[in-house]
Structure formats: structure tokens, C-alpha cells
Amino acid sequence: MITVKDVEHVAKLARLELSEEEKQKFTKQLGDILKYVEQMDEVDTTGVKPMAHAFDVVNVMREDEVVYEQTKEELMVNAPEEENGFFRVPKIG
Amino acid sequence: METREKYEVVIGLEVHAQLKTKSKIFAPDGTEFGNEQNTQISPITLGMPGVLPVLNKRVVDMAILTGLALDSTIPSRCKFDRKQYFYPDLPKGYQISQYDEPICVGGHLDIAGKRIGITRAHLEEDAGKLVHAGSNGISGSNYSLVDLNRAGTPLLEIVSEPDMRSSDEAKAYVEELRNILRYIGVCDGNLEEGSLRCDANISVMLKGATEFGTRAEIKNVNSFRSLQRAIEYEIERQIELVEEGERVVQETRLWDDNLGETRSMRGKEDAHDYRYFPEPDLMPLEISQEWIDTIKATMPELPAAKRARYMSLGLNEYDAGIIVEQMELALFFDKIIELGANVKTSINFLMGEIAAYLKDEKLGISETKLTPENLVELVNLIEKGTISNNIGKQIIFTMLKDGTNASQIVEKQGLSQISDEGALKEIVQKIVSSNPEQVNAYKSGKIQLFGFFVGQVMKESKGRANPKTVNELLKEMLD
């Protein structure tokens, strides 16, 4: 069971500030999601190796080459705040 | 008994080695050090929605090579995982790393007769750099500036077993690991520039205890000197706590090189909860024996083998160690051996005049004008008796400075050795007859005066006299 405390913990790790109302709401929603997924526990997985992917594809790699498809200016356009070519972010507390 | 001696120190190290690739581990941006901020970025590095990382093959090759050099097992299968943490140095909100299936498992490294176990080595991406504006240090800043050039640089994190028992052993381990990484060409090993970074896990326990004490992890150590200082400080701090009946807290501590102390980075309530899970954007790696064999075939001579070979050529352990420690010098020396020069004479130059020159001028051997071929020619001139050792020691400095070859200097300055007996006899005769007092003293038993006569002859001949012939002639004339 997900508790309000779990939600507070996860929110803190994600640097999210939640209102009391939101905490209640997300506790219920996350709980429902987990419960839904829990149905899979009923499947007998004896002898089945854990897998990280549904596709049977391995070794997808590229050669070690430097390629730039965008300029710095194009990439910085989306920065909410910029200073002297740096991304400017709130003070790290 | 001193308090310190009652305790056993246990040290394990986590070394992050930046792999020397051209591009990043999952993105095609460049990896050069010191470029203008945010010029080595791409949508992948910025964590834009919808982008996909693609693994750099060279990174895998380098990790396999490193694993082989450390006698690790390369599992036939490994995968990548997401390590979640929210900090602006990685815009995605997670770092791609390897959690439970690393690329290298086990292994070891030997330092001065002691074997240090390697637990594992895994691949991950480096984070960007934060510049804290507005004030000095994190606490006083008003905001932070982010440079993501380094974000995504490939790192191989090499984790040791807690096998080290002193700061000296820890230093020796990092030095040898750095040597290996540099010789196999996967990492610059520059602690100051951060291409090699080191975190130390340290605990203390009473001697004879069977259980390790609680450990603290020390970060921000960026030189061999601060590594040792940080460990020494931390040992003292922990022993003091234990002696006072207090407990060591498991935590991450930051080394402050200016203050010479470690301090707590984050409290227990802020302890990291990384919530690892398999990276869905990257497919697993399957590494075949064939792939491993291909990499193994490229393995150069490792530092330990090089030291052993040098010692078999007649170098003492100290000299062999010094040469191997400086890869440039070792490769230079290898070339000299290959060209067939006398090893002892060559090493005397390398460890003597050349080492002194490099130290004074703060240069690496490749930054001088001296080539292996030129040094070999000089050594051969001495071996053949064309010039004396002393003349050689004088002209080596000219060769280092302007790249002239030895025979040119010898010819131009008329420095060739006088081995002709007739010519030398004349000089010896002159010295003997102009120092009758010393001759008498010598003859009456003050045999240590022999050196005086040799010196006078050498001086008279401007260092060109063949010392062996001079010795023979003097003996003939005086005895």
C-alpha cells in the first residue's frame, strides 16, 4: 500500500511541492496504479529469466564520431534563463 | 601504545575514469576539456523529450580492454539502468549507469607485493558542471549556472574491495590504476583536470575485530596529496569519535583542501534513494568471446610487465618504477632499447642529466628537442670511445635544447676523445713533471692523490682525454 509518506518522499526526491489535497489525490492514484499492476503477480514466472526489454535486440551501437546537428544558439533557445552562455537555474539549496 | 595503533584502517576506493573517446557515451557531442560553456551539447545531452541515446561502441571496447587489464571477467551480457536523482547537472533527471549487471566483474591489481581486489567496473555518463554565482561556495549563491559540456562524457567507475589498510596503499593503488589506464590508452589519468576522480570509503575498527566499522565516503579528492591528506584526516576523526564512545555515521563527506578537513555533505534524511530501474531506451549488450579476443589482441604491455622487463635488462627496481611512472619517458626508453643502445649508459642519462633538465624546465621529454635516435647516437659515441662520458654529460643539454645531434656538436666543438697514447702521454708527462710535491707524496703512500692527477689531466685536455688510457698511463708513470 502506498501511504502519504511515500508520496511525500517521492515528491521530495523529485523536488516537487505538493498541497495536502494533491498528496491525498496522488496517494490514491498511485495506489490504484500499483494495484492494477499487481495483477501480474498472479502469473507463474517460475523458470522465466528477468528481462528488461520486450524486443530481442542487442548491441545497438554507433561509431565514435562527433556530429552536431544543432548550433549552441538553437539549443539554448528553450532555456528559461540564460546567462553568458550558461543555463541559469535556481539556487541549489 | 598509541591510540592510532590500536586501530585497523579499512579503505576501499571508487575511481571514476573518463574514457578518452572523441564523442560522448550516448550522444555524438564532443568530449574535449575546457571548451566554451555549452558548446558540446545536443538534444540528447539536454534531455529533450523524445530523444534516444545510442551507445558509443568505442566506450564498450575501452571498458573491455580495461577489464582485461585488471583480470576481470567480462560477462557475456550486461545492461544499463537509470539512476534517478534530481539535480541540474543532469537535465534528464537521471543518470544512465549500470546497476546489477556491470560490464566488468571481479579482478585485481597488485601494489608492492599486495593484491587489491576489484569488485566491479561499470559504465555511466558524467554529469555537467555547476558554477555557483553570486558568492563563493554553494551556500552563499543566489543562483547557479550550468555548463553541460561534460554531461554525457563516458565514465568507467572502478570499484575496489575494501582491501587497503593505509593511505599509502590507497595512493599506490590509484597510482598503479592510473598507470594501467594510461598505458592501455583509455584515460588521461589527470586528477587535477578531473579525468580521473576518486572517492574513498573509509572505516576504522579495533585490531583483531571481525566486523568492519561504519564507513564514511569521502568525495572531492583531486590530487594524490589530497587523497592521502583526506584519508589521514578521516582516520583521525573516526578514531576520535570511537574513542569518545560516539558512533561514526554512515554518510558522504566532502574534502576541503583549503581547510584540510572533511565535512558532512548531506544528512541521513537526505540520503540518496536512486530508484534504479532498467534503462528502456537502450538495448542490452551481448559480448561474445570473439569480441573479447579482438580487444585482447590490442593489449599493450602493462606497467607491471614493463617494470619486470626493465629489471631484466639490469635496471634496479627504483629506476624501473620511476621510468614506468612516466609513460612518455618509458616509451622513449623503449625506443632506445629497440635501437640497440647500451642500456646502462642510456639509463644513466635518462635518470641523471635528462631527468634533472626536465625537472628544472618543467617539461616532458616529448616537449624537448631530444629524439631517441639522437640519444642513441650519443650513447654509441661514448661506447665507441669517440667522446668521454663527461663530454657526453655536457652536450646532452645542447641536444635537449636545440635538437642538434651529438656528432655535429662533437665535430664543431672538437670534443672527440683523445685516445691516442702519444698525445695523452705528452699531457700526462706534463702534469707529472709540474707537480713534483704531489708525486713525492703519492710515492710515499698517499695513493688517494691518484685522483688529483687524473683530474689535472682531464682539465688540461678539456675533458677530452680517454679516462681509461689516462689511468693506465698515470699508473705506468707513477708506480
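Every residue gets a number counted from 1 within its own chain, in the order that chain's sequence is written. Labels are handed out in written order, letters beginning with A for the chains and numbers beginning with 1 for the ligands. It should be noted that, the model being predicted, local features are given only for residues of pLDDT at least 70 and side-chain atom pairs only at 80 or more, the latter also being counted only at that level, while totals for whole chains, interfaces and linings use all residues. Hydrogens and water are ignored here; the side-chain numbers use all heavy atoms of the structure.

All names here are of chain B. We define the nonpolar core as a collection of buried residues of types Ala, Val, Leu, Ile, Met, Phe, Trp, Tyr and Cys that are connected through side-chain atoms lying within 4.5 Å of one another. Think of it in three bands: with a 1.4 Å probe and only protein chains considered, a residue is buried below 20% of the maximum accessible area for its type, exposed above 50%, and partly exposed in between. In this structure, Leu-13, Ile-64, Ile-103, Leu-123, Ile-158 and Tyr-173 are the most contacted members of the largest nonpolar core, which totals 65 residues. A run of DSSP states H or I qualifies as a helix once it reaches four residues; a run of E qualifies as a strand once it reaches two. Both are numbered from the N-terminal end. In terms of residues, this core owes the most to one element, helix 1 (residues 57-69), which gives eight residues. Among the nonpolar cores identified, the runner-up in size contains 38 residues, and Phe-349, Tyr-357, Ile-387 and Leu-415 belong to it.

This part covers the packing of aromatic side chains. Residue and element names in this part refer to chain B. In this analysis, rings of Phe, Tyr and Trp, with Trp reduced to its six-membered ring, are considered paired at centre separations within 6.5 Å, and the interplanar angle assigns stacked below 30 degrees, edge-to-face beyond 60, and tilted for intermediate values. One pass over the structure, following the stated rule, counts 10 aromatic pairs over all chains. Ring geometry for Tyr-442 versus Phe-453: centroids 6.3 Å apart, planes at 85°, classification edge-to-face. Of this pair, Tyr-442 sits in helix 13 (residues 436-443) while Phe-453 sits in helix 14 (residues 450-460), placing them 11 residues apart in sequence. Counting every residue linked through ring pairs, the aromatic cluster contains Tyr-85, Tyr-99, Tyr-274 and Tyr-276.

This part covers the pattern of salt bridges. What makes a salt bridge here is a side-chain nitrogen of Lys or Arg within 4 Å of a carboxyl oxygen of Asp or Glu, nothing more. Under the criterion given, the structure shown has 37 salt bridges over all chains. Via salt bridges that share partners, Glu234(B), Arg237(B), Glu251(B) and Arg253(B) belong to a single interconnected network.

All names here are of chain B. Cavities and pockets were defined on a 1 Å grid built from protein atoms only: a cavity is a group of points that admits a 1.4 Å probe but offers it no way out, a pocket is an open group of points flanked by protein on both sides within 12 Å along at least five of seven lines, and a lining residue is one with an atom within 4 Å of any such point. Grid points are joined across faces, edges and corners, and a volume is the space filled by probe spheres set on the points. Estimates place the volume of the second largest pocket at around 700 Å³. Taken together, 27 residues line the second largest pocket, and the ones lying closest to its centre are Asp-110, Ile-111, Ala-112, Glu-176 and Arg-307. Of all elements in the fold, only helix 1, strand 7 (108-111), helix 2 (167-183), helix 5 (303-312) and helix 6 (317-325) reach the threshold of two or more residues within the lining of the second largest pocket. The leading source of residues in the lining of the second largest pocket is helix 5, at six residues. Asp, Glu, Lys and Arg are counted as charged, while Ala, Val, Leu, Ile, Met, Phe, Trp, Tyr, Cys and Pro are counted as nonpolar; the rest, among them Gly, fall into the polar class. Partitioning the lining of the second largest pocket into residue classes produces 16 nonpolar, four polar and seven charged.

Examined against the element boundaries, Val66(A) turns out to sit in the loop between strand 1 (61-62) and helix 3 (72-76). Residue Val66(A) is classed as partly exposed on the basis of its relative accessible area, which comes to 40%. Contacts between residues were defined by any pair of non-hydrogen atoms, one from each residue, lying within 4.5 Å. Beyond its immediate chain neighbours, meaning those up to four positions away, Val66(A) contacts Lys22(B), Ser23(B), Pro28(B), Asp29(B) and Gly30(B).

As a further point, take a negative patch on the surface. Residues and elements named next belong to chain B. A residue counts toward a patch only above 30% relative accessible area and without a salt bridge, and it is joined to like-charged neighbours within 9 Å or, for Val, Leu, Ile, Met, Phe, Trp and Tyr, to nonpolar neighbours within 5 Å. The method behind every accessible area is Shrake-Rupley, applied with a 1.4 Å probe, and residues are considered shielded solely by the protein chains displayed. Note on charges: Lys and Arg go in the positive column, Asp and Glu in the negative column, and His and the chain ends are not counted at all. All charge positions are set by atom: Lys at NZ, Arg at CZ, Asp at CG, Glu at CD. Judged by side-chain charge, Asp-420, Glu-421, Glu-472 and Glu-476 come together as a negatively charged surface patch. By the element assignment, Glu-476 lies in helix 15 (residues 467-478). Take Glu-476: its relative accessible area is 54%, and that puts it in the exposed class.

It is worth spelling out helix 2 (residues 20-38) of chain A at this point. Residue and element names in this part refer to chain A. What a helix is expected to span follows from its residue count: subtract one and scale by 1.5 Å. For helix 2, which comprises 19 residues, the first-to-last C-alpha distance of 27 Å matches the rise-based estimate of 27 Å (1.5 Å per residue) to within 8%. Taken residue by residue, helix 2 has Lys-23, Thr-27 and Gly-31 as its buried positions. Across the axial projection of helix 2, the buried residues extend over an arc of 65°, all falling on one side. Opposite the buried face of helix 2, by more than 90 degrees, sit the exposed residues Glu-21, Lys-28 and Tyr-36. Those residues of helix 2 hidden inside the fold are in contact with helix 1 (4-13). Comment: arc refers to directions from the helix axis out to C-beta atoms.

What follows is about unusual backbone geometry. Residues and elements named next belong to chain A. Unusually for a residue other than glycine, Arg-15 sits at a positive phi of about 55°. Within the element layout of this structure, Arg-15 appears in the loop between helix 1 and helix 2. Residue classification places Arg-15 among the exposed positions, given a relative accessible area of 54%. Even without being glycine, Asn-59 reaches a positive phi, approximately 55°. Following the sequence through the fold, Asn-59 ends up in the loop between helix 2 and strand 1.

What follows deals with the interface of chain A and chain B. Opposite the 36 residues of chain A that make contact, chain B presents 58 residues. A buried area of about 3800 Å², summed over both sides, lies between chain A and chain B, and 61% of it is on carbon and sulfur atoms. When the area that chain A buries against chain B is broken down by residue, the three leading residues are Arg62(A), Asp64(A) and Ile92(A), summing to 19%. For the pair chain A and chain B, the interface holds one salt bridge. Ionic pairing is found between Lys72(A) and Glu36(B), a salt bridge with its closest N-O pair at 3.3 Å. Think of a polar contact as two N or O atoms within 3.5 Å of one another; within protein, one of them needs to be a possible hydrogen donor and the other a possible acceptor, and neighboring residues in sequence only count if both atoms come from side chains. For the pair chain A and chain B, the interface holds 23 residue pairs in polar contact (both at pLDDT 80 or more). For the side of chain A that touches chain B, the secondary structure elements donating two or more residues are helix 1, strand 1, helix 3 and strand 3 (86-90) of chain A. Top element by residues in the side of chain A that touches chain B is strand 3 of chain A. It accounts for five residues. Grouping the constituent residues of the side of chain A that touches chain B by class yields 19 nonpolar, seven polar and 10 charged. Only strands that DSSP links by at least two bridges are regarded as paired with each other. The pairing of strand 3 of chain A with strand 10 (residues 143-147) of chain B spans four bridges and is antiparallel. Here the buried area means the combined drop in accessible surface, using a 1.4 Å probe, for two parts upon being joined, counting both sides.

Residue and element names in this part refer to chain B. With respect to the helices and strands, Arg-82 occurs in strand 4 (residues 81-84). Relative accessible area serves as the criterion here: at 13%, Arg-82 is assigned to the buried category. At 3.2 Å, the side chain of Arg-82 and the side chain of Tyr-94 are in polar contact. At 3.0 Å, the side chain of Arg-82 forms a polar contact with the side chain of Glu-279.

By themselves these figures say nothing about function.
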